[in-house]
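Coordinate inspection notes
Each chain, letter by letter, is given below.
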There are 2 protein chains.
Amino acid sequence: MLKGIDPLLSGELLRILDEMGHGDELLLVDRNFPAAATGRPVVRLGEVGVVRAASAILGVFPLDEFIERPLARMEVHEDPTLTTSEQDEILDIARREHPRALEWEIVPRLDFYERSRRAYAVVHTLEPRPWGCFILSKGVVFPPAEA
Amino acid sequence: MLKGIDPLLSGELLRILDEMGHGDELLLVDRNFPAAATGRPVVRLGEVGVVRAASAILGVFPLDEFIERPLARMEVHEDPTLTTSEQDEILDIARREHPRALEWEIVPRLDFYERSRRAYAVVHTLEPRPWGCFILSKGVVFPPAEA
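Keep in mind that this is a model prediction, so the values were computed, not measured.

For the rest of this paragraph, the subject is the sheet that holds strand 5 (residues 121-124) of chain B. All names here are of chain B. The strand order across the open sheet built from six strands is 2-5-1-6-3-4, with neighbouring strands paired in mixed fashion. With partners counted over all chains shown, the strands left at the sheet margins are strand 2 (42-44) and strand 4 (105-107), one partner each. Between one strand axis and the next, the sheet turns by 20 degrees as a mean value, whatever way the strands run. Two elements, strand 1 (residues 25-29) and strand 6 (residues 134-137), share four bridges in a ladder whose sense is antiparallel. Across the sheet, residue L28 finds its bridge partner in strand 6, namely F134. Docked against the sheet, helix 1 (residues 11-19) engages strand 1, strand 2 and strand 5, running at close to 140 degrees with respect to strand 2. Taken strand by strand, helix 3 (residues 85-97) contacts strand 3 (71-74) and strand 6, and its axis lies near 175 degrees from that of strand 3.

With that settled, the discussion passes to the relation of the copies chain A and chain B. Note on the identical chains: chain A maps onto chain B by a rotation of 180 degrees and an axial translation of 0.0 Å, with an RMSD of 0.0 Å. The symmetry that links the two subunits is that of a two-fold axis. Across chain A, the rotation axis passes nearest the C-alpha of R15(A), at a separation of 2.8 Å. Take the interface residues of chain A: 100% of them recur as interface residues in chain B, which is what a same-surface contact looks like.

Turning our eyes to something else, we now look at the interface of chain A and chain B. Each partner contributes residues to the interface: chain A has 22 residues there, and chain B has 22 residues. Buried area between chain A and chain B, both sides added, is near 1800 Å², and the carbon and sulfur share of it is 60%. By the criterion of area lost to chain B, the three top residues of chain A are M1(A), L2(A) and K3(A), representing 38% of everything that side buries. Counting the contacts that link chain A with chain B gives two salt bridges. Residue K3(A) is joined to E97(B) by a salt bridge in which the shortest nitrogen-to-oxygen separation is 2.9 Å. Summed over the shared surface of chain A and chain B, the result is twelve residue pairs in polar contact (both at pLDDT 80 or more). For the side of chain A that touches chain B, the element with the most residues is helix 1 (residues 11-19) of chain A, which contributes seven residues. Class assignment for the residues of the side of chain A that touches chain B results in twelve nonpolar, three polar and seven charged.

All names here are of chain B. The buried fraction of helix 2 (residues 50-58) amounts to seven of the nine residues, a majority that puts the element mostly inside the structure. Here helix 2 has its buried residues at V50, V51, A53, A54, A56, I57 and L58. Its buried side turned inward, helix 2 meets helix 1, strand 1, helix 3, strand 5 and strand 6.

Time to look at the confidence of the model for chain A. In the predicted model, chain A carries a mean pLDDT of 96, and 99% of its residues have values of at least 70. The complex prediction reports pTM at 0.91, with the ipTM value standing at 0.86.

This brings us to the pattern of salt bridges. Think of it this way: side chains of opposite charge can pair up when their charged atoms draw near. The final tally for this structure, using the stated rule, is 14 salt bridges over all chains. For E25(A), the salt bridge goes to R115(A), with nearest N and O atoms at 3.0 Å. In this pair, E25(A) sits in strand 1 (residues 25-29) while R115(A) sits in helix 4 (residues 109-116), placing the two residues 90 residues apart along the sequence. Exposure class is identical for E25(A) and R115(A). Each is buried. When the shortest N-O distance is used, the salt bridge between R52(B) and D6(B) registers 2.9 Å. Here R52(B), found in helix 2, pairs with D6(B), found in the segment before helix 1; they are 46 residues apart in sequence, far enough to count as distant. For D6(B), a relative accessible area of 24% corresponds to the partly exposed category. Put simply, E25(A), E105(A) and R115(A) are held in one network by salt bridges that share partners.

Calculation rules
- Residues numbered from 1 in each chain as written.
- Chains lettered and ligands numbered in written order.
- Predicted model: local features only at pLDDT ≥ 70, side-chain atom pairs only at ≥ 80, totals over all residues.
- Heavy atoms only, no water.
- Pairing = 2+ DSSP bridges.
- Helix = DSSP H or I, 4+ residues; strand = E, 2+ residues; numbered from the N terminus.
- Axes fitted to C-alpha atoms, helices over the stretch in contact; angles between N-to-C directions.
- Contact = heavy atoms within 4.5 Å.
- Least-squares fit on C-alpha atoms with pLDDT ≥ 70 in both.
- Buried area = accessible area lost by both parts, 1.4 Å probe.
- Salt bridge = Lys/Arg side-chain N within 4 Å of Asp/Glu carboxyl O.
- Polar contact = N/O pair within 3.5 Å; in protein donor to acceptor, adjacent residues only side chain to side chain.
- Nonpolar A, V, L, I, M, F, W, Y, C, P; charged D, E, K, R; others polar.
- Buried < 20%, exposed > 50% of the residue type's maximum accessible area, 1.4 Å probe, protein only.
- pLDDT = per-residue confidence, 0-100.

What follows is the structure, encoded as structure tokens:
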């Protein structure tokens, strides 16, 4: 436990989030996602949903301002026009934190699996609802003068 | 790098600070302190002094409110009435963060060495001035309603 830091951000997760550099990708996934099979480090948050987890992570994790779409979601039912309520909430949270306009990158399920093998790490939740799978590309913390 | 967290708090140090529990002791030491010989984990902050390091750490690390003197300094020249300017500055910083009255516990040098072997971890700086050695006892983060 630390003052002023969301308690969901455990020491292990803080270390990973901090050690990630510009362009590294973090996966945030629901309980059905094949997290261990990615071969990447997995942090298990226990009985927490993806919206709560995204809110804690995006409080400290800058999304990449150098690319157009630093936030990706898994495509729903092979229809890019569909979203889930969790996806909508996470885009709202990310938009509040991000200094630029933000739209989803949409990644079909099998492509998402493929890309997950190159992630820096995977944050696993017990989100029960499907398609709660996201990719967050890490950005830069600028010095205060340039903020 | 993370948003809103002092960049001196590296991932490794954040993990240690977060994983420490109530009553665990953190050492913050100058460049001459026998840090490695404690046998405890050592985080090396590089060319940083103890005041800067204490300021970053005390921004997230709660001192123990359950004990009278959760902050100790190494005794100067075997005279408990002497302090260094770094010690004075660190007490000022700690007092600003701590919700209760705060006075030094003063630990003679050889007792400090003995006690350091039971520390949770050691934060090593390149502080050039002597007696820049401190023990921080970790406290509790209370839920907001009880704050």
